[in-house]
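One-letter residues, chain by chain:
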Amino acid sequence: TQLLEQSPQFLSIQEGENLTVYCNSSSVFSSLQWYRQEPGEGPVLLVTVVTGGEVKKLKRLTFQFGDARKDSSLHITAAQPGDTGLYLCAAPRAGNMLTFGGGTRLMVKP
Amino acid sequence: DTEVTQTPKHLVMGMTNKKSLKCEQHMGHRAMYWYKQKAKKPPELMFVYSYEKLSINESVPSRFSPECPNSSLLNLHLHALQPEDSALYLCASSQSRGTWSYGYTFGSGTRLTVV
């Protein structure tokens, strides 16, 4: 059983559509991160959310941390082909090591 | 310099070969990590170095041998690998082992194929 469960695992949408990706856990976290990984590259940090209920915006991306700090969501407005990639949520586990969710593979078609 | 540089980008090796993966960062980060990523899966932690000392080994087989010669360099020595070890090997760094909240900086990885 993974510490962080992401859904959906795969999403294929048309350019201009909106989408939401979820990251859920039964554990409470002090904070949570979202990364994006493009093919042939390493993950790149998008955002860190720290406070329960916090909402952060990064251009067309909106990140929310659940009130109980057990879950998070990523909403993309008007998706573009450049948004294509693997989206990973991540949180610290024992020893402060970063562990990743299973990932959501997003494909945005022109 | 805000990058983690990994070499080589691609490596094909036989099961009897010995090879090394290299990772370098000049951000002054004192924690460095090796992750393994299989196709369509998230990265999985292998090793953690903190202040050039190995602090975590996630029960990785001994055919993988990490080395941290100094605070900027991290190597992964490979010997007698199996085909199932084929994967993308990612190096990452962070300010220190405890300050993960600033994020990890990842390299682009080495795509390893064992034949």
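Now for a look at the structure at hand. Computed from a prediction, not measured in an experiment: that's the story for all the values here. Residue positions within a chain follow its written sequence, with the count starting from 1. In the order they appear in the text, chains get letters beginning with A and ligands get numbers beginning with 1. The model is predicted, so local features are restricted to residues of pLDDT at least 70 and side-chain atom pairs to those at 80 or more, both for listing and for counting; the totals for chains, interfaces and linings are taken over all residues. Processing note: side-chain calculations cover all non-hydrogen atoms of the structure and skip hydrogens and water entirely.

Overview of the overall build of chain A
Here is step 1: For helices the rule is a DSSP run of H or I covering at least 4 residues; for strands it is a run of E covering at least 2, with both sets numbered from the N terminus onward. For chain A, the count of helices and strands is zero helices and 11 strands.
Here is step 2: N-terminal to C-terminal, the α/β element order of chain A is β-β-β-β-β-β-β-β-β-β-β.
Here is step 3: Taking 2.2 N^0.38 as the reference for a compact globule, 110 residues should give roughly 13 Å; the C-alpha atoms of chain A span a radius of gyration of 13 Å, in line with that estimate.
Here is step 4: With 110 residues in all, chain A has 45% of them scored as buried.
Here is step 5: Throughout, a residue-residue contact means that at least one pair of heavy atoms, one from each residue, lies within 4.5 Å. Once local pairs closer than 6 in sequence are excluded, the contacts in chain A between residues at least 24 apart make up 53%.
Here is step 6: Summed over all atoms, the accessible surface of chain A reaches about 5100 Å², with 50% contributed by carbon and sulfur. Radius of gyration: over C-alpha atoms. The globule rule applied is 2.2 Å multiplied by the number of residues raised to the 0.38 power. Three labels apply to residues, based on accessible area from a 1.4 Å probe with only protein chains included: buried if under 20% of the type maximum, exposed if over 50%, partly exposed otherwise in between. To measure how exposed things are, a 1.4 Å probe is used in the Shrake-Rupley method; for residues, cover is taken only from the protein chains shown.

Some points on the interface of chain B and chain A
Here is step 1: Each side of the interface is counted separately: chain B has 23 residues, and chain A has 26 residues.
Here is step 2: We count a salt bridge whenever a side-chain nitrogen from Lys or Arg sits within 4 Å of a carboxyl oxygen from Asp or Glu. For the pair chain B and chain A, the interface holds zero salt bridges.
Here is step 3: In protein, a polar contact requires one atom able to donate a hydrogen and another able to accept it; more generally it is a pair of N or O atoms within 3.5 Å, and residues adjacent in sequence count only if both atoms are side-chain atoms. Counting across the interface, chain B meets chain A through six residue pairs in polar contact (both at pLDDT 80 or more).
Here is step 4: In terms of residues, the side of chain B that touches chain A owes the most to one element, strand β4 (residues 31-37) of chain B, which gives three residues.
Here is step 5: Grouping the constituent residues of the side of chain B that touches chain A by class yields 13 nonpolar, six polar and four charged. Three classes are used, and their members are as follows: Ala, Val, Leu, Ile, Met, Phe, Trp, Tyr, Cys and Pro are nonpolar, Asp, Glu, Lys and Arg are charged, and the others, Gly among them, are polar.

Examining the nonpolar core
Here is step 1: Among buried residues, those of type Ala, Val, Leu, Ile, Met, Phe, Trp, Tyr and Cys that are joined through side-chain atoms within 4.5 Å constitute a nonpolar core. Among the nonpolar cores identified, the biggest contains 23 residues, and L19, L32, W34, F63, L74, I76 and L106 of chain A are the most heavily contacted of them.
Here is step 2: Secondary-structure elements contributing two or more residues to this core are β2 (10-14), β3 (19-24), β4 (32-37), β5 (44-49), β7 (61-65), β8 (71-76), β9 (85-93) and β11 (104-109) of chain A.
Here is step 3: The contact partners of L106 of chain A, leaving out residues within four places of it in the chain, are L11, I13, L19, I76, D83, T84, G85 and Y87 of chain A.
Here is step 4: V4, M13, L21 and C91 of chain B belong to the second-largest nonpolar core, a separate cluster that totals 22 residues.

A look at the pairing of strand β8 (residues 73-79) of chain B
All names here are of chain B.
Here is step 1: As judged from the seven bridges shared by strand β3 (residues 18-25) and β8, these two strands associate in the antiparallel manner. Paired with L21 across the strands is L76, a residue of β8.
Here is step 2: Criterion used throughout: strands pair if DSSP finds at least two bridges between them. Alignment of strand β7 (residues 64-70) against β8, held across five bridges, turns out to be antiparallel. Its bridge partner lying in β8, P66 is registered against L76.
Here is step 3: Taking the residues that link successive antiparallel strands as the turn, the β7-β8 hairpin has two residues.

Comments concerning the pairing of β4 of chain A
Residue and element names in this part refer to chain A.
Here is step 1: Of all six residues that make up β4, five are buried, and the element is covered over most of its length.
Here is step 2: Pairing of β4 with β5 involves five bridges; the strand directions are antiparallel. The residue of β5 that forms the bridge with L32 is V49.
Here is step 3: Taken together, β4 and the strand that follows it, β5, pair antiparallel across an intervening segment of six residues, in which G40 is found at a positive phi of about 75 degrees.
Here is step 4: Pairing geometry for β4 and β9, over five bridges, is antiparallel. Looking at the pairing, Q37 lines up with L86 of β9.

Observations concerning the pattern of salt bridges
Where charged atoms from two side chains of opposite charge approach closely, those side chains can pair.
Here is step 1: Under the definition given, this model contains six salt bridges over all chains.
Here is step 2: Residues D83 of chain A and R60 of chain A are paired through a salt bridge, measuring 2.9 Å at the closest nitrogen-oxygen approach. Residue D83 of chain A is located in the loop between β8 and β9, and its partner R60 of chain A is located in the loop between β6 (55-58) and β7; the two are separated by 23 residues in the primary sequence.
Here is step 3: Given the relative accessible area of 4%, D83 of chain A is considered buried.
Here is step 4: E52 of chain B is paired through a salt bridge with R30 of chain B; the nearest N and O atoms lie 2.5 Å apart. Taken together, the positions of E52 of chain B in the loop between β5 (44-50) and β6 (53-57) and R30 of chain B in the loop between β3 and β4 put the pair 22 residues apart, joining distant regions of the chain.
Here is step 5: E52 of chain B sits in the partly exposed class, given a relative accessible area of 31%.
Here is step 6: Classification of R30 of chain B by relative accessible area gives partly exposed; the value is 28%.
Here is step 7: Several salt bridges converge on common partners, so that one network encompasses K36, R63 and D85 of chain B.

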